[in-house]
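For reference, the chains in residue letters:
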Amino acid sequence: MNRTHLEGVAETLATQAGYTFYAGPEGDMAHTLRGYPAAWLTPMELHAVEGRSHGRATYDMTLHLLRSGARLAPEARRTALADMERHLLDIFAALSLDGRVLAVEKLAIRPRTFALTPHGEISQTATARIVTFF
């Protein structure tokens, strides 16, 4: 199944970038995260399917990268956000090279203006449309 394959590839790439990988609904972050840096993959949405036995399946993917940041100075915060943005670009560029992925489209990366957990972390969120074939 393409969904589980994409989750496995995302986990491998995030782990290689130095992040502990988690997957689940955003509401589970606060009681699941055990440490930073962390990557959190939300459940992917199957956006479109074309074809029957062979075709294309398109998923919407959201990946959060998080790291501690409650006490970072402004310059250190900017540097950390830039590093996370670079990591997200690298992860999605590598994802586009996977054998089942036809394209990574509409990639958007944005820093979060608020913490996703009560730990006071900083985070970057990437969303993309992943076109796969089956």
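Residues numbered from 1 in each chain as written. Predicted model: local features only at pLDDT ≥ 70, side-chain atom pairs only at ≥ 80, totals over all residues. Heavy atoms only, no water.

1. Describing the pairing of strand β6 (residues 122–133)
Regular strands show a simple pattern: their side chains alternate between the two faces of the sheet.
So, point 1. Most of β6 sits inside the fold, with 10 of its 12 residues counted as buried.
So, point 2. Sheet topology places strand β4 (residues 55–67) next to β6; 12 bridges connect them, and they run antiparallel. Residue pairing in the sheet places leucine 66 in a bridge with serine 123 of β6.
So, point 3. One ladder, built from eight bridges, connects strand β5 (residues 101–111) with β6; its direction is antiparallel. Residue pairing in the sheet places alanine 108 in a bridge with threonine 127 of β6. (Buried < 20%, exposed > 50% of the residue type's maximum accessible area, 1.4 Å probe, protein only. Helix = DSSP H or I, 4+ residues; strand = E, 2+ residues; numbered from the N terminus. Pairing = 2+ DSSP bridges.)

2. A look at the pattern of salt bridges
So, point 1. Enumeration over the complete set of coordinates arrives at four salt bridges.
So, point 2. Notably, a salt bridge pairs glutamate 75 with arginine 78, separated by 2.8 Å at the nearest N-O pair. One end of the pair, glutamate 75, and the other, arginine 78, are both in helix α3 (residues 74–95), three residues apart, so they sit about a helical turn from each other.
So, point 3. Taking relative accessible area as the criterion, arginine 78 reaches 51% and is therefore assigned exposed.
So, point 4. We note a salt bridge from aspartate 83 to arginine 86, for which the minimum N-O separation is 3.6 Å. On the criterion of helical spacing, the pair formed by aspartate 83 and arginine 86 is a turn pair, its members being three residues apart in helix α3.
So, point 5. The exposure class of aspartate 83 is partly exposed, given its relative accessible area of 27%. (Salt bridge = Lys/Arg side-chain N within 4 Å of Asp/Glu carboxyl O.)

3. Remarks on the nonpolar core
So, point 1. By size, the foremost hydrophobic cluster in this structure holds 27 residues, and its most contacted members are Leu6, Ala39, Met61, Leu63, Phe92, Leu95 and Ile130.
So, point 2. Of all the secondary structure elements, the ones that give two or more residues to this core are α1 (2–16), β2 (38–41), β4, α3 and β6.
So, point 3. Among the elements that make up this core, the one with the highest residue count is α3 (seven residues).
So, point 4. Setting aside residues no more than four positions away along its own chain, alanine 39 makes contact with Ala14, Tyr19, Thr20, Phe21, Tyr22, Leu63, His64 and Leu65.
So, point 5. Judged by nonpolar contacts, the second largest core, of seven residues, contains Tyr22, Met29, Leu33 and Ala38. (Core = buried A, V, L, I, M, F, W, Y, C linked by side-chain atoms within 4.5 Å. Contact = heavy atoms within 4.5 Å.)

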